Amino acid sequence: MSPRRVTLADVAKAAGVSRPTASLVLSGRGRELRISQDVEQRVLRAAEELQYRPNIVSVGLRTGTSRTIGFVSDTVATSRLAGDMIKGALEAARERGFMLFIGETEGDAELERRLLQAMHDRQVDGLILASMFTRTIKVPKAITAVPAVLLNALPKQPTPLPAVLPDEVEAGRRAARVLLDAGHRDGIYLIGAGPGLRNVPSESLAAVERLVGIREALGEAGVKVAGARTCPDWQPEYGLAATRDLLRTIQPRALICFNDRIAMGAYQALDDFGLKVPADVSVVSFDDHPIASWVRPQLTTVALPHYELGRKAVDVLFTEIERDRADTEQSGQVHRVPMPVRNRESVAPSPTAENSG
């Protein structure tokens, strides 16, 4: 049989004081209300000896806060790649003395509804609704019952909820600039999406934004995308097939792969055709998946800042909680988190640039 929970009344009895006096001492208001130091010490000593823990639910009802945040995602918690989003959110919440309740829907709308309801039943102070992949989502009505933030997602319909996303457009620019800085001006091909904005996998917000950034940076330098091969899914086997198809007709100078898994397939295709990275073909990619540092040569990539995304979501959520307490409207602002370049070994100076120098 489980031991009975120690109550505030038990502490008051052990200390020889009234329940209200014990409550004032344990809430830190003893000195404020001129409770003697002797009484205060007796209450604190009794609480420690009895291992008293306050009833968080009743404290929440009294103070209007449960000091908890709900984190509901599709597959973030079980993903090795995106798990750092939760780590960042956990640490940012803990620094404020808050706990994180985590629930995963696996894309099931009914499970999402029940999880959100469970979070509300536990009176969380705010909610983060997160997506594994950057995409647009239908925002559930239930989420607006408390301050909330979208993480790695944008709403399909207008909503006052703020959103936190990786800066994919700037990431595209940075990937292109890696090649431009190495002197590449021609023979740059895309693997995964492009060359036009219609040539992207369906519902892939990251593909559209990365492509916009790539085209902008190259265009500003007076460079055109030489060509592209799309991939129906961003997995190694599709990167392999797309790159093989390209190599049957032309040898590129450089490849921009739309994620590291595609780049892994591209590496294999280049090897099949007797081409070396980066001596023959430079390769740059996105995400900073663990395979980027496993492959040889190590892959230069623009990293998804999962940890920073999680921390930023908590920061934005607390701003929204303060807005709610002040009875002001939610901002609806989109916050972009920078994606840093991980310079490794897969990009070499363009032979054309070396010869001209």
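Refer to the preceding data block for the structure.
Here the residue numbers are simple positions, counted from 1 along each chain's written sequence. With pLDDT at 70 or above as the cut-off, local features in this predicted model cover only qualifying residues; side-chain atom pairs require 80 or more to be listed or tallied, and sums for whole chains, interfaces and linings still use all residues. Note: side-chain values were computed over all heavy atoms of the structure, leaving out hydrogens and water.

Any two strands with at least two DSSP-identified bridges between them are counted as paired. Under the DSSP-based scheme used, a helix requires at least four consecutive residues in state H or I and a strand at least two consecutive residues in state E, with every element numbered from the N terminus. With parallel pairing, the six strands of this open sheet are ordered in space as 2-1-3-4-5-11. Among the strands making up the open sheet, the edge pair consists of strand 2 (99-104) and strand 11 (334-337). For this sheet, the mean angle separating the axes of adjacent strands, direction not counted, is 25 degrees. The criterion used for residue contact is that any of the two residues' heavy atoms lie within 4.5 Å. Angular values range over 0 to 180 degrees, each being the angle between N-to-C directions of two axes fitted as lines to C-alpha atoms, with helices fitted over their stretch in contact. Set on the sheet, helix 5 (residues 83-95) makes contact with strand 1 (68-73), strand 2, strand 3 (126-137) and strand 4 (148-155); between it and strand 2 the angle comes to about 155 degrees. Sitting on the sheet, helix 12 (residues 306-325) touches strand 1, strand 3, strand 4, strand 5 (163-166) and strand 11, and the angle it makes with strand 4 is about 130 degrees.

Attention now goes to the packing of helix 5 against helix 12. In the contact formed by helix 5 and helix 12, the axes pass within 6 Å of each other and the chain directions differ by 40 degrees. One finds that helix 5 runs oblique with respect to helix 12. Between helix 5 and helix 12 the crossing geometry is right-handed. Between helix 5 and helix 12, the contacting residues are D84, M85, K87, G88, A89, E91, A92, A93 and E95 on the first element and H306, Y307, L309, G310, R311 and V314 on the second. For this classification, Asp, Glu, Lys and Arg are treated as charged, while Ala, Val, Leu, Ile, Met, Phe, Trp, Tyr, Cys and Pro are nonpolar and the rest, including Gly, are polar. A per-class count over the contact of helix 5 with helix 12 returns seven nonpolar, three polar and five charged. Throughout, the term roughly parallel applies to angles under 35 degrees, roughly antiparallel to angles over 145, roughly perpendicular to angles from 65 to 115, and oblique to all others. Each crossing gets its handedness from the near helix: less than a right angle anticlockwise from the far helix is left-handed, clockwise is right-handed.

Glancing now at the packing of aromatic side chains. Only centres within 6.5 Å qualify two rings of Phe, Tyr or Trp (six-membered ring in Trp) as a pair; their planes then separate them into stacked at under 30 degrees, edge-to-face at over 60, and tilted for everything else. Enumeration according to the criterion identifies three aromatic pairs in this entry. Here F98 and F318 contribute two aromatic rings whose centre-to-centre distance is 4.9 Å and whose plane-to-plane angle is 85 degrees, an arrangement assigned as edge-to-face. On the criterion of sequence distance, the pair formed by F98 in the loop between helix 5 and strand 2 and F318 in helix 12 is long-range, its members being 220 residues apart. The same class applies to F98 and to F318, which are both buried. Both rings, one in F258 and one in F286, keep their centres 6.1 Å apart while their planes meet at 40 degrees; by these two values the pair is tilted. Residue F258 is located in the loop between strand 8 (254-257) and helix 10 (260-272), and its partner F286 is located in strand 9 (residues 282-287); the two are separated by 28 residues in the primary sequence. Taken as a pair, F258 and F286 share a single burial class, namely buried. Grouping aromatic residues by their ring pairs yields a cluster made of W234, F258 and F286. Whether a residue is buried, partly exposed or exposed follows from its accessible area with a 1.4 Å probe, protein chains only, as a fraction of its type maximum: under 20%, in between, or over 50%, in that order.

Moving on, we come to the packing of helix 1 (residues 8-15) against helix 3 (residues 37-50). Where helix 1 meets helix 3, the axes come as close as 8 Å, and the angle between the chain directions of the two elements is 125 degrees. Put simply, helix 1 runs oblique to helix 3. Considering how the two elements wind past one another, helix 1 and helix 3 form a crossing that is right-handed. Only R42, V43, A46, A47 and L50 of helix 3 make contact with helix 1, whose side of the interface consists of D10, V11, A14 and A15.

Overall, mixed pairing links the six strands, which are arranged 7-6-8-9-10-12 in an open sheet. Whereas interior strands pair on both sides, the edge strands pair on one side only; in this sheet they are strand 7 (227-230) and strand 12 (341-342). Seen against the sheet, helix 9 (residues 236-247) touches strand 6 (188-192), strand 7 and strand 8 and runs at an angle of roughly 145 degrees to strand 6. Across the face of the sheet, helix 10 comes into contact with strand 6, strand 8, strand 9 and strand 10 (300-303) while running at roughly 155 degrees to strand 9.

This part covers unusual backbone geometry. Leaving glycine aside, a negative phi is the common case for residues, and trans is the common case for peptide bonds. Each neighbour pair has its own omega, and for V277 with P278 the value is 0 degrees, a cis peptide bond. Here P278 shows up in the loop between helix 10 and strand 9. Of note, E106 is a non-glycine position whose phi angle comes to about 55 degrees, a positive value. Tracing the chain through its elements places E106 in the loop between strand 2 and helix 6 (109-121). On the basis of relative accessible area, E106 is assigned to the exposed category, the value being 66%. Residue D288 is not a glycine yet carries a positive backbone phi of 60 degrees. Residue placement: D288 occurs in the loop between strand 9 and helix 11 (291-294). Looking at D288, the relative accessible area reads 23%, which means it is partly exposed.

The next thing to look at is the environment of G192. Tracing the sequence through the fold places G192 in strand 6. What makes G192 buried here is its relative accessible area of 0%. Remark: the alpha-carbon pair of G192 and A263, spanning 71 residues in sequence, is separated by 9.2 Å. Those residues in contact with G192, other than ones at most four positions away along the chain, are P201, R229, T230, C231, W234, F258 and I262.

Moving on to the nonpolar core. Counting residues in hydrophobic clusters, the biggest one holds 47 residues, and the most contacted among them are L255, I256 and V283. The set of elements that each furnish at least two residues to this core consists of helix 7 (168-181), strand 6, helix 8 (205-220), helix 9, strand 8, helix 10 and strand 9. Filtering out sequence-adjacent residues up to four positions away, V283 remains in contact with L255, C257, A263, Y267, L270, V277, L299, T300, S346 and V347. If you look at the next biggest cluster of nonpolar residues, it comprises 24 residues, including F98, L100, V316 and V337. Definition of nonpolar core: a set of buried residues of the types Ala, Val, Leu, Ile, Met, Phe, Trp, Tyr and Cys, connected through side-chain atoms within 4.5 Å.

Further remarks concern the pairing of strand 3. Looking along a regular strand, one sees the side chains alternate between the two faces of the sheet. Most of strand 3 is tucked away, with nine of its twelve residues classed as buried. Pairing of strand 1 with strand 3, which is carried by five bridges, proceeds in the parallel orientation. What sits directly across from S73, in strand 3, is A130. Here strand 3 pairs with strand 4 via seven bridges, running parallel. Counterpart to I128 in the pairing with strand 4 is V149.

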